[in-house]
Amino acid sequence: MTWEAVYKLQAWPPNLFPGPQDVWHTLKNGLIDQSLVMAVSASFKRLLGGYFIAVVLGGMLGVLIARFSLLSDTIGKAIMALQTIPSIAWLPFAILWFGIGDQAIIFVVALGAMWTMTLNTESGLRSVDPLYLSAAKMMNVKGTALFIKVMIPAAIPQIITGMRMAWAFAWRALLAGELIGSGTGLGQVLMLGRNLGDMSLVLAVIIIIAIQGSIVDHFIFRKMEDTVLVRWGLKKDDGSKKKQKGPFQKWSPAVGTIAVLAFLIINGMTVNKANQDVVRFGFLPNITHMPALVGLEEGTFQKKLENTSLKTYHFDGGPALMEAMSAGELDIAFVGPGPAITNYLSSKESKIIAGVSEGGTVLITAASSQITGTGQLSNKTIAVPQFGNTQDIQLRYVLEKAGLKDKRTGGTVNIIQSAPADMVTLFNQKEIDAAIVPEPWGSQLMEAVRAKVLLDSNDIWKNGKYPAAVMMVREDYAKKHPEVVKAFTQAHKDVVTFIQAEPEKAKQSFNKKLKALVNKEIPDSVLDSSFKRVNITYTINEKTLFEFAELSAQSGYIKTPFALTGLIDDSYLYK
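This structure is a prediction, so every number in the text was calculated from the model and none was measured.

Each value, and the rule that gives it
Residues numbered from 1 in each chain as written. Predicted model: local features only at pLDDT ≥ 70, side-chain atom pairs only at ≥ 80, totals over all residues. Heavy atoms only, no water. Helix = DSSP H or I, 4+ residues; strand = E, 2+ residues; numbered from the N terminus. Buried < 20%, exposed > 50% of the residue type's maximum accessible area, 1.4 Å probe, protein only. Contact = heavy atoms within 4.5 Å. Areas by Shrake-Rupley, 256 points an atom, 1.4 Å probe, with all protein chains shown as cover. Pairing = 2+ DSSP bridges. Axes fitted to C-alpha atoms, helices over the stretch in contact; angles between N-to-C directions. Expected span 1.5 Å × (residues − 1). 1 Å grid on protein atoms, 1.4 Å probe; cavity = no way out; pocket = protein on both sides within 12 Å on 5 of 7 lines; lining within 4 Å. Points joined across faces, edges and corners; volume = space filled by probe spheres on them. Core = buried A, V, L, I, M, F, W, Y, C linked by side-chain atoms within 4.5 Å. Polar contact = N/O pair within 3.5 Å; in protein donor to acceptor, adjacent residues only side chain to side chain.

Draft legend 1. Structural context of the overall build of the protein. When its secondary structure is counted, the protein shows 25 helices and 11 strands. The buried share among the 575 residues of the protein stands at 49%. A separation threshold of at least 6 residues defines the contact pool for the protein, and within that pool the share at least 24 residues apart is 77%. Total accessible area computed for the protein in this model is approximately 27500 Å², and 57% of it derives from carbon and sulfur atoms.

Draft legend 2. Quick peek at unusual backbone geometry. Residue Glu439 is joined to Pro440 through a cis peptide bond whose omega torsion reads 10 degrees. Looking at the secondary structure, you find Pro440 in the loop between β8 (434-438) and α19 (441-448). We note that Asn379 has phi near 65 degrees; this positive angle belongs to a residue other than glycine. Along the chain, Asn379 turns up in the loop between β5 (361-365) and β6 (381-384). Overall, the relative accessible area of 60% leaves Asn379 in the exposed class. In the Ramachandran plot, Arg450 falls in the positive-phi region, its phi being about 60 degrees despite a non-glycine side chain. Take Arg450: it is sitting in the loop between α19 and β9 (452-455). For Arg450, a relative accessible area of 61% gives the class exposed.

Draft legend 3. Here's a closer look at the sheet that holds β9. The strand order across the open sheet built from five strands is β7-β6-β8-β5-β9, with neighbouring strands paired in mixed fashion. The sheet terminates laterally at β7 (414-417) and β9, the two strands that pair on one side only. Strand-to-strand twist in this sheet, taken as the mean axis angle between neighbours without regard to direction, amounts to 30 degrees. Here β5 runs beside β8; their pairing, made up of five bridges, is antiparallel. Residue Ile364 lies in a different strand from β8, and its bridge partner there is Ala435. Against the sheet, helix α17 (residues 390-401) touches β5, β6, β7, β8 and β9, its axis set at about 130 degrees to β8. The strands that α19 touches are β5, β8 and β9; relative to β8, the one it contacts most, it runs at about 135 degrees.

Draft legend 4. Summary view of helix α23 (residues 503-518). For α23, built from 16 residues, the straight-helix expectation of 22 Å at 1.5 Å per residue is met to within 8% by its first-to-last C-alpha distance of 22 Å. Those residues of α23 that sit buried are Ala506, Lys507, Ser509, Phe510, Asn511, Lys513, Leu514, Leu517 and Val518.

Draft legend 5. Region of the structure containing empty space enclosed by the protein. Scanning all chains against the criterion turns up two cavities of 30 Å³ or more. Empty space within the largest cavity amounts to approximately 70 Å³. As for the largest cavity, its lining consists of 13 residues, and the residues nearest its centre are Pro467, Val470, Thr539, Ile540 and Asn541. For the lining of the largest cavity, the secondary structure elements donating two or more residues are β4 (350-359) and β10 (467-474).

Draft legend 6. Examining the nonpolar core more closely. Of all hydrophobic cores here, the largest spans 51 residues; its most connected members are Leu47, Tyr51, Val109, Trp167, Trp171, Leu186 and Phe221. Those elements that place two or more of their residues in this core are α2 (20-32), α3 (35-67), α6 (91-98), α7 (102-126), α9 (143-180), α10 (186-195) and α11 (199-231). At 12 residues, α9 tops the list of elements feeding residues into this core. When near neighbours in sequence (up to four residues on either side) are disregarded, Tyr51 contacts Val109, Met163, Ala166, Trp167, Ala170 and Phe221. One finds Ala340, Leu404, Ile460 and Tyr466 within the second-largest nonpolar core, a separate group that totals 45 residues.

Draft legend 7. View of the sheet that holds strand β2 (residues 309-314). Pairing within the open sheet is mixed, and its six strands lie in the order β2-β1-β3-β10-β4-β11. The open sheet is flanked by β2 and β11 (534-536), the only strands paired with a single partner. Between one strand and the next, the sheet's axes are offset by a mean angle of 25 degrees, whatever the strand orientation. The pairing of β4 with β11 spans three bridges and is classified as antiparallel. Its bridge partner lying in β11, Ser357 is registered against Ile536. The strands touched by helix α13 (residues 290-298) within the sheet are β1 (278-283), β2, β3 (332-335), β4 and β11, with β1 carrying the most contacts at an inclination of about 135 degrees. Helix-sheet contacts for helix α15 (residues 318-326) involve β1, β3, β4 and β10, and the interaxial angle to β3 is about 160 degrees.

Draft legend 8. Main features of the side chain of Gln212. Inspection of the secondary structure puts Gln212 in helix α11. Overall, Gln212 belongs to the buried group, its relative accessible area being 10%. A distance of 2.9 Å separates a polar atom in the side chain of Gln212 from the backbone oxygen of Ile209. Gln212 has contacts with Phe44, Trp167 and Trp171, leaving out every residue within four places of it along the chain.

Written out as structure tokens, the structure reads:
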């Protein structure tokens, strides 16, 4: 009732604070189309794997530290320092060691939960009541027997507390890892909700996390704790239970909870099980990657691939996608030119084999702004989606043409990075004067905050004929599976031809697939406006791509000198 009352008061706009009914509809739709079920099952699979490792290793380490003073003086002190390090800080190492898949997140979850399990186990063993020890010694129980038969049983309540705390820490580490990682999971759903400005989806995930926390704590940890305390004589039965429960009745809530978790995990493991021959395809769910969504919805890729199974992954940004590519977790991907060039210069493991889209960038100003030209951006604050991405580099080019520079390099323009979804709030609070964004965010901001166009797509650079997304393939995969790469490229050409010939049908397919992926559609007015600024193509403008690399170097994102020989191979387009 309080939630509904606050919603009715409109203290915040509905898009920033949705009501209970909106969240309920999101939850219901996510359960019906199984998008939330798949996310929960994938998250629980990673969570339980990391949690089990944390409890076993953490418990063993806590016992050893409590038992041996040398370990307490060395490893014990190091663990106190390690506990202060956020588990997400280990994710870069995890990605390098295990790739961008589940193993990396399980590693982060295990580290996030293990230290608290270790410290609680050690604390429980060290705080055993001296009376227990004295009584045991009087009965000639000493040494290892004293430790195993007296100290460990007496420490079990504290160990259970450690397990409860480790569960909470494991959840935090899981979501942090999934926010940055890829694939299905509640963290990714949270990030997608934020990026799409869908706060009802964000709240739906928060509610799911809160419900599971209450269920697991009440039916598993609290039951375990009460049972042990009563059995150990540390807590009296309140006498409210007139009839003694049998073993099945006593543990049925915990068994039921575990059964539900097991179902979710098994369901997540069996959904979309891949065949032996698989091509892994990554993309971003936005308008500049339109051929990916349309091709998947129409089934064009799978038809061309015939007996090769297609496994897809969607990401929130180009850098995360290229991390997966570098880790060998993707074979083919659609990505922006900036990450594609940076990746090639660092490893030369992937190459561009086709174009995807051109244009689509727009520089907008606040509704109340009096700015009419780029020369008036001096002493203004401009937001970019990410430092070093395509729009950031284009902004610096535009500023240089106007004789302006970033404050960090001695200029007068304050450039900040912000997720496009957060730019709505930044504009409303007058914290930014302008923003440069890709579509559909430009059109969405024009509707949401009445932003005005300062430079349209055609005015930013090259009359709009600059690459917005390209198609890449890993070199080793292309050598081993040239026919699969050829078939995928030909399917991409067919999809582009379809989009150009049937734009209205293509828009419908795009929105349908977007709904399936992120539970969100783009309004028709925004989609139409965005589509006008984006040119869907499969050709590669090599000259413009190399000029973009020069702009990246001038902005300090690429070291000079650099060589892009071998970056582009368009032979698959014409085989």
